[in-house]
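One letter stands for each residue in the lines below.
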Amino acid sequence: MSKVWFITGAGSGIGAATARAALGAGDRVVATGRNPDKIRNALRGVASDRLAVVQLDVADAIQAKAAVDKAMEAFGRIDVLVNNAGYSLLGNFEELTTAEIDGLISTNLHGVVHVMRAVIPVTRKQRSGKIINVSSLAGIIGFKHCGAYSAAKFAVEGLSQSVAQEVAQFGIIVTAVAPGFFRTDLLDDQNARYGSSTIDDYAAEGSAKAMWSGYNGKQQGDPAKLGDALVKIAGMDNPPKQFLAGSDAVVQAQHEQHHLDQSDRAGRGHPGQPYEKLGLGSSDCAAEQPCGQFYEQQQRARFDAPAVVPKVLIRVARRPAVAMADFVAKDSLRRS
């Protein structure tokens, strides 16, 4: 049976690529964004009676509800929500104004909240639905100049994991997708935003714009492949809870895990030992599961997991993540 997709930020990049992939699979798509003409232009050549274009600024909760109402009028249901809308704000944390940070949070986090709150009642009534929240590798690992952006994306990761446990009883499944560098408009001069103030102490290392703008258009990730992957995820009965997209995301995640493991060994001693080095004893943990026992179980869980290539374990999440590498080519999915 064909699905109905509700996609935010569908005017370019991952949003447009996902809309194209879904339409190519024979599904129906509600493509939303602040500029409907931009969406129509991005989807030129695939437009049909299976496509509805709806104006939406996700930072506005009222607009989010109205857009979902229009989607229901057009197609009568929503099977897959893709929260993709967002932009980048880059700069040293001190050089970002409160207004700039608030604006980013309003779109990149509150936008996800507004659309989820509008869509979940629909999917709850249906007793089925998939929610795909596009986070970022910067929502798992912090990067220089990305303090505000990472704060929003880390929040999207946490929101996704928490809400997933609440709505599973209604047949709703939530997946957080963490792309690495993909060839989107995120760093385009017309879309990327940079801190408006400067502090002399940071001047010697150069500006955030000088560091990041050179990557625009040179990112190795192909949005079309990610769009295809999201269509496959939407078709799974048991999709991953977290999906790492792009070989760079996999490598960075493995690198982060390595450093976390080193930190564990340095601060906690060998597996099985209590956390006395941190001033924590078994009395500080659940009585039935002392800290040392918990750590030992986590170590076993990591190494008893089925072997996959590449095998990526994000210790911060305390569970396996699914990587995109070879996902499209081999049509093989690894579940978390």
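None of the values given here were measured: they were computed from a predicted structure.

(A) Just the overall build of the protein, in detail. When helices and strands are tallied, the protein shows 11 helices and 12 strands. The buried share of the protein, reckoned over its 336 residues, is 48%. When contacts within the protein are restricted to residue pairs at least 6 apart in sequence, those whose partners lie at least 24 apart make up 70%. Entry remark: accessible area of the protein is about 16000 Å², with carbon and sulfur atoms responsible for 51%.

(B) Structural context of the side chain of D27. Within the element layout of this structure, D27 appears in the loop between α1 (13-24) and β2 (28-33). A polar contact is formed between the side chain of D27 and the backbone nitrogen of K3, at a distance of 3.0 Å. At a separation of 2.9 Å, a polar atom in the side chain of D27 contacts the side chain of W5. Once residues lying within four places of it in the same chain are set aside, the contact partners of D27 are S2, K3, W5, A22 and R50.

(C) Unusual backbone geometry, seen in detail. Although it is not a glycine, R127 adopts a positive phi angle of roughly 60°. Inspection of the secondary structure assignment puts R127 in the loop between α5 (110-126) and β6 (129-134). One non-glycine residue, H145, adopts positive backbone phi at about 75°. In this fold, H145 is placed in the loop between β6 and α6 (147-167). Judged by its relative accessible area of 5%, H145 is buried.

(D) Highlighting the environment of V119. Residue position: V119 is located in helix α5. Judged by relative accessible area, V119 falls into the buried class, the value being 1%. In this structure the C-alpha to C-alpha distance between V119 and A67, which are 52 residues apart in sequence, comes to 9.8 Å. Contacts of V119, omitting those with residues within four sequence positions, involve V68, I78 and L81.

(E) The arrangement of the pairing of strand β1 (residues 4-7) in detail. Burial along β1 is two-sided: the residues V4 and F6 and W5 and I7 are all buried. In the sheet, β1 pairs with β2 via 4 bridges, with the strands oriented parallel. Its bridge partner being in β2, V4 is matched across the sheet by R28. Handedness of the crossover is the feature at issue here: the chain leaves β1, passes through α1, returns alongside β2, and the resulting connection is right-handed. Of the pairings in the sheet, the one linking β1 to strand β4 (residues 80-83) comprises 3 bridges and is parallel in character. Paired with I7 across the strands is V82, a residue of β4.

(F) The pairing of β2, seen in detail. Of all the 6 residues making up β2, 5 are buried; the element is thus mostly covered by neighbouring parts of the structure. In this sheet, strand β3 (residues 51-55) lies alongside β2 in parallel orientation, the contact comprising 5 bridges. Bridging across to β3, A31 finds its partner in V53. The β-α-β motif built from β2, the intervening helix α2 (residues 36-42) and the parallel element β3 has right-handed crossover chirality.

How each quantity is defined
Residues numbered from 1 in each chain as written. Predicted model: local features only at pLDDT ≥ 70, side-chain atom pairs only at ≥ 80, totals over all residues. Heavy atoms only, no water. Helix = DSSP H or I, 4+ residues; strand = E, 2+ residues; numbered from the N terminus. Buried < 20%, exposed > 50% of the residue type's maximum accessible area, 1.4 Å probe, protein only. Contact = heavy atoms within 4.5 Å. Areas by Shrake-Rupley, 256 points an atom, 1.4 Å probe, with all protein chains shown as cover. Polar contact = N/O pair within 3.5 Å; in protein donor to acceptor, adjacent residues only side chain to side chain. Pairing = 2+ DSSP bridges. Right-handed = clockwise from strand over helix to strand, strands pointing away.

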